[in-house]
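In case you want the letters, here they are:
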Amino acid sequence: MPDLLAPYAAYPEKSRGRLIFEEKPQGRTEFQRDRDRIIHSSAFRRLEYKTQVFVNHEGDLFRTRLTHSIEVAQIGRSIARNLALNEDLVEAISLAHDLGHTPFGHAGQDALNECMKSHGGFEHNLQSLRVVDVLEERYGAFDGLNLSFETREGILKHCSTRNAARLGEIGERFLQKKQPGLEAQLANLADEIAYNNHDVDDGLRSGLITLEELSSVAIFSDHVKTVRKIFPGISGRRLIHETVRRMINSQVIDLTIQSTRNIEAEKPENIDAVRESSPLIAFSPEMREAQLELKQFLRTRLYQHYRVTRMSAKARRIVSDLFQAFTSDIRLLPAQFQEKAEGEGDIMRVIADYIAGMTDRYAIREHRRLFAVEEIPL
Ligand code: MG
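A brief report on the enclosed structure follows. All values reported here derive from a predicted model rather than from experimental measurement.

**Topic: unusual backbone geometry**
- Look at A84: it is not a glycine, yet its phi comes out positive at around 60°.
- Structurally, A84 can be placed in the loop between α3 (65–82) and α4 (87–96).
- Since its relative accessible area comes to 11%, A84 is described here as buried.

What follows is the structure, given as structure tokens:
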């Protein structure tokens, strides 16, 4: 296990710095400080009550955005250590990558984007950056968390050229078609490993997909066979977990081996050379293929399952009802957001920020407070 960072890793002392200058932290590195700020932010705590596929009240055992982000950090850190990359930076990016998500997962984001169509749109990735750059109100000297460039670079996974053009330094790579550092590339793929696998697990737990159905997917059936061979008679949760953990492990190993190969072929001297090169953190073509099959399965059998679709439809309705209510009369907004709307001028963006910041259950309650006819405590 390498103790030292590889030359192409992100070095905190060579960071491109923060938007507002700060003295070096004591007793920790710049990236550790970023991670610590993220964990202490209120947007991070809200992840506990925001969902990916299942809505928070559907069950206590399903992943939330918080447990998802922790799983991404775990997977990312393991691989970072194997590749001698900066674990702290991968952890910071992983924990922050979903901070900008609306309530109700993609259904919520689609609805809010639709509402904001003629006001610059809404994109969760951009919103994550907005949370750490602007929206968190915790420090005396600046808005947001004032994170390092490298962490912000990793948070902004994708971005339209239109948005990139107004983002300054952090948007440049999208205009110049360059890559982010390896830690950012890694956090992105750790995200994929995490959600593909936990959606299998949550999907089975919910009963919306079955073991039999999943056996049509090669990566799943291969590992199920192995598990059954090692543990004859195994069934239920143990069978599922023994299978899923092997799936995760095989993807972690594959990503490590393929990325090592890519890095050895490219030999980047430092993080700037990484940024100029093609993406180096990658799965093997075979693993890519296997993942695509799994993704396709999850899309049609789980994400488009009629029970998920029903919940998504409800979620979209809640988000667009809230948006319409607030835009029709900003006096319906809580006082602090009214003040912001009046101060900032961009009323629509303030409303989008307010809705995006809501947890699933808060959005449901707010919807009831505004629309329910029966008596609801305000
Ligand atoms: Mg994610």
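**What to know about the nonpolar core**
- Membership of the largest hydrophobic core comes to 46 residues, with the highest contact counts inside it found for L85, V200, L214 and I281.
- Taken together, the elements giving at least two residues each to this core come down to α3, α10 (182–206), α12 (218–230), α13 (236–266) and α15 (285–303).
- At eight residues, α10 tops the list of elements feeding residues into this core.
- Ignoring any residue separated from it by four or fewer positions in sequence, one finds I281 in contact with L83, L85, L182, Q185, L186, L189, L255, S259 and I263.
- Residues F104, A352, A356 and A363 belong to the second largest nonpolar core, which totals 25 residues.

**Remarks on α12**
- The end-to-end C-alpha separation of α12 is 19 Å, in line with the 18 Å expected for 13 residues at 1.5 Å each.
- Of all the positions in α12, only I219, F220, S221, H223, V224 and V227 are classed as buried.
- For α12, the elements touching its buried residues are α10, α11 (211–214), α13 and α15.

**Focus: the pattern of salt bridges**
- In this structure the tally under the stated criterion is 34 salt bridges.
- Across the pair E169 and R16 runs a salt bridge whose closest N-O atoms are separated by 3.5 Å. Separated by 153 residues along the polypeptide, E169 in the loop between α8 (161–165) and α9 (172–176) and R16 in the segment before α1 (30–39) bring together distant segments of the chain.
- Residue E169 is classed as partly exposed on the basis of its relative accessible area, which comes to 40%.
- Each member of the salt-bridge network shares a partner with another, and the members are R28, R35, D36, R77, R81, E87, D88 and E91.

**So, the coordination of the magnesium ion**
- The magnesium ion binds to the protein through H68 (NE2), H97 (NE2), D98 (OD) and D191 (OD); the donor distances cover 2.1 to 2.7 Å.
- Along the chain, the residues donating to the magnesium ion are arranged with the sequence spacing H-x28-H-D-x92-D. Of the two residues, D98 sits in the loop between α4 and α5 (105–115) while D191 sits in helix α10, which places them 93 residues apart along the sequence. Of the two residues, D98 and D191, both sit in the buried class.

**Considerations on the packing of α13 against α15**
- In the contact formed by α13 and α15, the axes pass within 10 Å of each other and the chain directions differ by 145°. For the element pair α13 and α15, the recorded crossing hand is left-handed. Across the interface between the two elements, M247, S250, Q251, D254 and Q258 from α13 touch P285, M287, Q291 and L294 from α15.
- Tallied by class, the residues present in the contact of α13 with α15 amount to four nonpolar, four polar and one charged.

**Focus: the packing of aromatic side chains**
- What the rule picks out here adds up to four aromatic pairs.
- An angle of 40° between the planes, with centres 4.4 Å apart, marks the rings of F337 and Y354 as tilted. Linking F337 in helix α17 (residues 335–344) with Y354 in helix α18 (residues 347–356), this pair joins segments that are 17 residues apart in sequence.
- By the ring-pair criterion, three or more aromatic residues cluster together here, those being F326, F337, Y354 and Y362.
- A cation sits over an aromatic face here: K14 above Y11, 4.7 Å from the ring centre.
- The lysine or arginine in question, R361, covers the ring of Y49, its NZ or CZ lying 3.7 Å from the ring centre.

Quick notes on the rules
Residues numbered from 1 in each chain as written. Predicted model: local features only at pLDDT ≥ 70, side-chain atom pairs only at ≥ 80, totals over all residues. Heavy atoms only, no water. Helix = DSSP H or I, 4+ residues; strand = E, 2+ residues; numbered from the N terminus. Buried < 20%, exposed > 50% of the residue type's maximum accessible area, 1.4 Å probe, protein only. Core = buried A, V, L, I, M, F, W, Y, C linked by side-chain atoms within 4.5 Å. Contact = heavy atoms within 4.5 Å. Expected span 1.5 Å × (residues − 1). Salt bridge = Lys/Arg side-chain N within 4 Å of Asp/Glu carboxyl O. Donors = N, O, S within 2.8 Å, 3.2 Å for Na, K, Ca; no water. Axes fitted to C-alpha atoms, helices over the stretch in contact; angles between N-to-C directions. Left-handed = near helix turned anticlockwise from the far one by under 90°. Nonpolar A, V, L, I, M, F, W, Y, C, P; charged D, E, K, R; others polar. Phe/Tyr/Trp six-rings, centres within 6.5 Å; stacked < 30°, edge-to-face > 60°. Lys NZ or Arg CZ within 6 Å of the ring centre and 35° of its normal.

Purely geometric numbers; function is a separate question.
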